[in-house]
Amino acid sequence: MNYMQSSLRILHLEDNADDAKLIRRKLSTDMPGCEVHHVENEEQFSKALESSHWNLILADYSMPSSHGLDALALARQLCPSTPFLFLSGMMGEETAVESLKAGATDYVLKDRPARLVPAIRRALELAEARERREQDEEQMVRIQAELQKSNEDLRRRNAEIQNFYHTLSHELKTPLTSAREFISIVMDGLAGPLNETQLEYLGIAKEGCDQLGACMNDLLDATRLDTGKLRLDFKPAAVEVLAQRVVAAFGPAAARKQLSVRTEVQPGLPKVPFDEHRIAQVISNLVSNALKYTSSGGEIVIKVGFASSTSELLQVTVSDTGCGIAKEDQERVFDRLYQVRAGDAVTGQGVGLGLYLCRELVQLHGGRIWLESTPGKGSAFCFVLPVTQQLLRSNVLIVDDDPVLLEMLSAAFQTEFNVRTARDGLEALKEMNRQAADVVLLDLVMPGLDGPTTLKEIRKNWGAVPVIVHTGHVEGELMDQVLTFSPFTLLGKPCSPKRLMEVIRKVEHGMDTAMWKKNHHNVPKPEFQHKL
Amino acid sequence: MTTYEHHIRKTILIIEDDPKTAKALAVRLEAAGYDVLTAADGVQGVRLALDHRPDLIISDIWLPAGIGLSVAQRLKRAGLGNIPVVFMTASKLPGLKEAAMQLGAAAYFEKPYDPEALLRTITEIIDRTANHPSAHAQKQGIAV
């Protein structure tokens, strides 16, 4: 807002009529458009303050009837943010300091009128800047409150969703249990003898019950993944033993379909850390798919060995001689709710969560899953697991408003980390809510929620998660703010992806030596930090 | 005495609020040669346990009038802590199995259950308990 052009209202307290005229003339020449309202005594002054809004107050310092400081005190009380200037015939340094201490914005000597207009302009600019700062602060407080609320809402919603699915699954499984069991009871001959056809039909009914049960478990797992509630229980064990056990359970089903199923294990495999229940789920899912899509007389082979590229990864391959998967579907089979089409019709088996869960579970183990397939010849689903826990992939969250940088960094990081991205602070907090990251790479200057506020929320909700502040502004106000939420690691932009990855590797193990702490006496010099 | 005990049919108490599941379990267990009692809630379950001193209890976890886990605690307080309890639940709540095992559950099954595995486990547990000296004492003490 430009005070010089728009109507600027100045209240002028002056008991000397000549002086008042002089000031009015001066202001009307030098500040056209400004409106000066003249009052002669404290009574008029007080009335004017109460009845109207003023952009600036000019007051004589010493008047016979009253004292300028009394007028100042009154003004500070009624309109504390309106700039207040003293005009004085003579003012010593002491009185000047005294008046400023009492809250005056500035003072101008009457014998130096040339200073008047610049002093008014400066006072108005200061007032405007202060007002803007106050508005910013208010807005910040408001945003923080909103954010906190939306965080709490999200958390509550997550809990509600979890609860809902747990209750739903419990309620659905109860009737399923008795239905399945009565089918078994009849099949086992406990209700009298059955003929072959009756047995076959009941077998189909029972299989349906099992599919329904598996489907509910998948739904529950998917919900846990979505709400970040799925926890793995890592224990060193032999993958090949687990694979053989899982495969053995499919023996009868394979025999019924006249499929040959065999396991090939490379000798001398080490024990590796994994969640037995979850990896069993993955292998079981893959074998069950292979059975589903391979016609009678086909062959399914489950291979367990080192990955061809490195002995730091164990690879499990489930290959079949089935119908194979078209090139355009290969990328998407691991997508959530994706169903492979066979011919014109959806095969109608499963809700499309199985392979999605496989991918998520393998990734949570720090591994990778993929598909090699030739339509008409067969498919091979492969996944790798790290041999040592150190190799487990960390979750890195990159927060930056620059889309090009986001794309470049996530492409580079993907070779080693599980990467998620956010274009501003709010998105970052949503991602954190979904699943807390192991390391956060945080930009400072972003639209909406900026770096310091985002970090504040991260500290409040996720404690000491390692954060790397990646910014072009290693000095300045935002830097000062962000230091309140230290420690963090500071990297100056631009920083190569290679260097960033080195630092991520360090901080994820708590090994960073160049951490910035507020009031830390051994803070390395910014030059050194900048080179990082 | 031992030979005589071998001829006694073992009794299993089912605490299950879903009547269909309770019935399915009863049919299965009776076919396997057990005597079966059923209770639809925890309170009735504890009362039947006190009156009949079953050889084993199969209990659901989410029950009206006190969850299954508290049934185990109440049995313990009533001096029936040595009756093995097999828990069964349709819930997949994390930590539930651990909580049940900590309370001294003899086994834990998720619904839908595998009847063969359930029968096998029950037979093993009953055989083990029957050969345990304190179980003999308990049995003799209540033989009326």
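Just so it is clear, the structure is predicted and the values come from calculations on it, not from any experiment.

(A) Spatial organisation of the confidence of the model for chain A. All names here are of chain A. Averaged over every residue, the pLDDT of chain A is 83; the share at 70 or more is 90%. Of all secondary-structure elements in chain A, the lowest mean pLDDT belongs to helix H17 (residues 526-531), at 32, while strand E17 (residues 439-442) reaches the highest, 93. With pLDDT under 50 throughout, residues 343-348 is counted as low confidence; its partners more than four residues away or in other chains account for six contacts. Confidence drops under pLDDT 50 across residues 513-532; counting only partners more than four residues distant or on other chains, this segment forms 33 contacts.

(B) Seen up close, the pattern of salt bridges. All names here are of chain A. Inspection of every chain in the model, using the stated rule, returns 33 salt bridges over all chains. A salt bridge links glutamate 427 to arginine 423; the shortest N-O distance between them is 3.3 Å. A residue is classified by how much of its surface remains accessible, and glutamate 427, at 27% relative accessible area, is partly exposed. For glutamate 502, the salt bridge identified is with lysine 498, shortest N-O distance 3.7 Å. One end of the pair is glutamate 502 and the other is lysine 498, both in helix H16 (residues 497-508) and four residues apart, which spans about a single turn. Overlapping salt bridges, with partners in common, bring together Glu14, Asp19, Asp60 and Lys110 in one network.

(C) Broad picture of the sheet that holds strand E3 (residues 56-60) of chain A. Residues and elements named next belong to chain A. Strand order in the open sheet formed by five strands is E2-E1-E3-E4-E5, with parallel pairing between adjacent strands. At either end of the open sheet lies a strand with only one pairing partner, and these are strand E2 (34-39) and strand E5 (106-109). Recorded for the sheet is a direction-independent mean angle of 20° between the axes of neighbouring strands. Where E3 and strand E4 (residues 84-88) come together, four bridges link them in parallel fashion. Residue pairing across strands places alanine 59 opposite phenylalanine 86, the latter belonging to E4. Relative to the sheet, helix H2 (residues 42-51) contacts strand E1 (8-13), E2, E3 and E4, its axis offset from that of E1 by approximately 155°. Packing of helix H5 (residues 116-187) onto the sheet brings it into contact with E1, E3, E4 and E5, and relative to E3 it is tilted by some 135°.

(D) Local environment of the confidence of the model for chain B. All names here are of chain B. A residue-level look at chain B finds 83% of positions with pLDDT of 70 or above and a mean pLDDT of 83. Every residue in residues 135-144 is under pLDDT 50, and counting partners more than four places away or in other chains gives 13 contacts. On the interface metric, ipTM, the complex scores 0.79, and its pTM is 0.55.

(E) Region of the structure containing a negative patch on the surface. All names here are of chain A. A cluster of acidic side chains, namely Glu131, Glu134, Asp136, Glu137, Glu138, Glu477 and Asp480, defines a negative patch on the protein surface. For the negative patch, the elements supplying multiple residues, two or more each, are H5 and helix H15 (477-483). Of note, aspartate 480 is situated in helix H15. Note on aspartate 480: relative accessible area 51%, which makes it exposed.

(F) Structural view of the pairing of strand E15 (residues 395-399) of chain A. Residues and elements named next belong to chain A. Here E15 lies mainly inside the structure; five of its five residues are buried. A crossover connection joins E15 to the parallel strand E16 (residues 418-422) through helix H12 (residues 403-413); in handedness this β-α-β unit is right-handed. Pairing between E15 and E17: four bridges, direction parallel. Note on E17: the bridge partner recorded for valine 396 is valine 439.

(G) View of unusual backbone geometry. Residue and element names in this part refer to chain B. Cis rather than trans, the peptide bond between lysine 111 and proline 112 has omega equal to -5°. Among the secondary structure elements, proline 112 is positioned in the loop between strand E5 (107-110) and helix H6 (115-130). Of note in this structure, arginine 53 is not a glycine but carries a positive phi near 45°. Inspection of the secondary structure assignment puts arginine 53 in the loop between helix H3 (42-52) and strand E3 (56-60).

About the cut-offs
Residues numbered from 1 in each chain as written. Chains lettered and ligands numbered in written order. Predicted model: local features only at pLDDT ≥ 70, side-chain atom pairs only at ≥ 80, totals over all residues. Heavy atoms only, no water. pLDDT = per-residue confidence, 0-100. Helix = DSSP H or I, 4+ residues; strand = E, 2+ residues; numbered from the N terminus. Contact = heavy atoms within 4.5 Å. Salt bridge = Lys/Arg side-chain N within 4 Å of Asp/Glu carboxyl O. Buried < 20%, exposed > 50% of the residue type's maximum accessible area, 1.4 Å probe, protein only. Pairing = 2+ DSSP bridges. Axes fitted to C-alpha atoms, helices over the stretch in contact; angles between N-to-C directions. Patch = residues over 30% accessible without salt bridge, like charges linked within 9 Å, V, L, I, M, F, W, Y side chains within 5 Å. Areas by Shrake-Rupley, 256 points an atom, 1.4 Å probe, with all protein chains shown as cover. Lys, Arg positive; Asp, Glu negative; His and termini not counted. Charge placed at Lys NZ, Arg CZ, Asp CG, Glu CD. Right-handed = clockwise from strand over helix to strand, strands pointing away.

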